[in-house]
Amino acid sequence: MGESRNPSGEPRNLNTGVAHNARVWNYWIGGRDNYPVDQAVGEQVATMFPVIRAVARADRDFLGRAVRFLTGERGIRQFLDVGTGLPTLDNTHDIARRIAPESRIVYVDNDPVVLAHARALLTGTPEGATDYLDADVHDPDAIIRGAAGTLDLDRPVAVMMLGILNFVLDGDEARDIVRRLMAALPSGSCLALTHPTTDADLGGEGNVAAMSFWNENATPPITARDRAEITTFFDGLDLLDPGLVSCAQWRARAGDGAVLPQYGAVAVKPCRDRPGPARTGRSRSAW
């Protein structure tokens, strides 16, 4: 079992006067780890953009399907969950260990409320390990250094980046973060990613006003991106079927997936690094 990097009892620099993404997201999926300001902002955003609760639930469901796929079909036994948010039922380690008890998981976040809940995540099995890293997505090198204490970076790792790159406002910086994380990992490693969009065919137009309100009343600031820009996050990787789609439809059962303005995809790092856009198709086993 791992230990939190900052195992103090109380959250550091906790500001309950400003809504925060981790807590508002927790409110939207029915959690209790939020404050009145988070509820108020969450309700206003939901009034402006009613589909947001469905997006939050779909993003969480994507996590479950992606982890089951990566563990059960790709043979992944190590996960680096960046921007994990507040723990709830069926976290990455819960899902992975139902299939492979030996799985090793590192959670990464730098929100003080998430940090306060980190110990609840730090449960291991005799075969595996779970750790929490207090680090910022803007510093991928620190993330890799910290993760190396728990993960074997010579073996494939699945990097989970669900709803986190939308808080990196500069597109070039967001691409560089992904590039640096994946460059530090071996072939067979995977990237699972979700990201909000304004694309009209997914019903994303309402994100514009809702995100504008968010940026004036909550933290951290957020952005949406179109399909073309989100696709660039997978440069040098092979997108696995069904490619970049509405996250609710990614490997969902027939008829289950609604069209929602949140993209989701999983890609694998090929055996030989090569430049160029991401390709869609099945790839080699992770091991």
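Our subject is the structure that appears above.
What counts, and where the lines are drawn
Residues numbered from 1 in each chain as written. Predicted model: local features only at pLDDT ≥ 70, side-chain atom pairs only at ≥ 80, totals over all residues. Heavy atoms only, no water. Helix = DSSP H or I, 4+ residues; strand = E, 2+ residues; numbered from the N terminus. Buried < 20%, exposed > 50% of the residue type's maximum accessible area, 1.4 Å probe, protein only. Contact = heavy atoms within 4.5 Å. Areas by Shrake-Rupley, 256 points an atom, 1.4 Å probe, with all protein chains shown as cover. Core = buried A, V, L, I, M, F, W, Y, C linked by side-chain atoms within 4.5 Å. Patch = residues over 30% accessible without salt bridge, like charges linked within 9 Å, V, L, I, M, F, W, Y side chains within 5 Å. Salt bridge = Lys/Arg side-chain N within 4 Å of Asp/Glu carboxyl O. Lys, Arg positive; Asp, Glu negative; His and termini not counted. Charge placed at Lys NZ, Arg CZ, Asp CG, Glu CD. Pairing = 2+ DSSP bridges. Right-handed = clockwise from strand over helix to strand, strands pointing away. Phe/Tyr/Trp six-rings, centres within 6.5 Å; stacked < 30°, edge-to-face > 60°. 1 Å grid on protein atoms, 1.4 Å probe; cavity = no way out; pocket = protein on both sides within 12 Å on 5 of 7 lines; lining within 4 Å. Points joined across faces, edges and corners; volume = space filled by probe spheres on them. Nonpolar A, V, L, I, M, F, W, Y, C, P; charged D, E, K, R; others polar.

## Describing the overall build of the chain
Piece 1. Each helix and strand in the chain was counted, giving 10 helices and 11 strands.
Piece 2. Expressed as a percentage of the 287 residues in the chain, the buried residues total 53%.
Piece 3. Put simply, of all contacts in the chain between residues at least 6 apart along the chain, 75% involve residues at least 24 apart.
Piece 4. Only carbon and sulfur atoms are counted for the fraction: they give 49% of the accessible area of the chain, which is about 12,200 Å².

## A closer look at the nonpolar core
Piece 1. One finds Phe62, Leu70, Phe79, Met160 and Val266 to be the most contacted residues of the largest nonpolar core, which totals 49 residues.
Piece 2. If one sorts the elements of this core by residue count, helix α3 (residues 52-72) sits on top with 10 residues.
Piece 3. Excluding its chain neighbours within four sequence positions, the residues that come into contact with methionine 160 are Leu63, Ala66, Val67, Leu70, Phe79, Leu80, Asp81, Val82 and Ala192.
Piece 4. In this structure, Val137, Ile164, Leu193 and Leu237 belong to the second largest nonpolar core, which totals 36 residues.

## Some words on unusual backbone geometry
Piece 1. A cis amide bond links threonine 219 to the next residue, proline 220, at an omega of -10°.
Piece 2. Tracing the chain through its elements places proline 220 in the loop between β7 (218-219) and α10 (227-231).
Piece 3. Of note, the phi angle at arginine 251 is positive, near 50°, even though the residue is not glycine.
Piece 4. With respect to the element layout, arginine 251 can be found in the loop between β9 (245-246) and β10 (262-268).

## Concerning a negative patch on the surface
Piece 1. Judged by side-chain charge, Asp136, Asp139, Asp170 and Glu173 come together as a negatively charged surface patch.
Piece 2. Examined against the element boundaries, aspartate 170 turns out to sit in the loop between β5 (158-162) and α8 (171-183).

## A closer look at the environment of isoleucine 222
Piece 1. Turning to its location among the elements, isoleucine 222 is positioned in the loop between β7 and α10.
Piece 2. Residues in contact with isoleucine 222, not counting those within four places in the same chain, are Asn166, Phe167, Leu169, Met211, Trp214 and Asn215.

## Thoughts on the pairing of strand β6 (residues 190-196)
Piece 1. Within β6, 7 of the 7 residues are buried, which leaves it mostly tucked inside the rest of the structure.
Piece 2. Covered by surrounding structure in β6 are Cys190, Ala192, Thr194 and Pro196 together with Leu191, Leu193 and His195, the residues of both alternating faces.
Piece 3. Pairing between β5 and β6: 5 bridges, direction parallel. By the bridge assignment for β6, methionine 160 is matched with alanine 192.
Piece 4. Taken together, β5, α8 and β6 constitute a β-α-β crossover, and its handedness is right-handed.
Piece 5. In this structure, β6 lies alongside β10, joined through 7 bridges in antiparallel fashion. Paired with threonine 194 across the bridge in β10 is glycine 264.

## Structural notes on the packing of aromatic side chains
Piece 1. Under the defined criterion, the tally for this structure stands at 3 aromatic pairs.
Piece 2. Summarising the aromatic geometry, the rings of phenylalanine 69 and tryptophan 250 are spaced 5.6 Å apart at their centres and angled 80° between planes, so their arrangement reads as edge-to-face. Placement of phenylalanine 69 in helix α3 and of tryptophan 250 in the loop between β9 and β10 is noted, with a sequence separation of 181 residues between them. This pair shows no difference in class: phenylalanine 69 is buried, exactly as tryptophan 250 is.

## Description of the layout of surface pockets
Piece 1. Roughly 850 Å³ of volume is contained in the largest pocket.
Piece 2. Lining the largest pocket are 47 residues, with Asn21, Gly83, Leu162, Gly163 and Phe167 positioned closest to its centre.
Piece 3. Secondary structure elements with two or more residues in the lining of the largest pocket: α1 (21-28), α3, β2 (78-82), β3 (104-109), β5 and α9 (207-217).
Piece 4. A breakdown of the residues in the lining of the largest pocket according to their chemical character gives 26 nonpolar, 15 polar and 6 charged.

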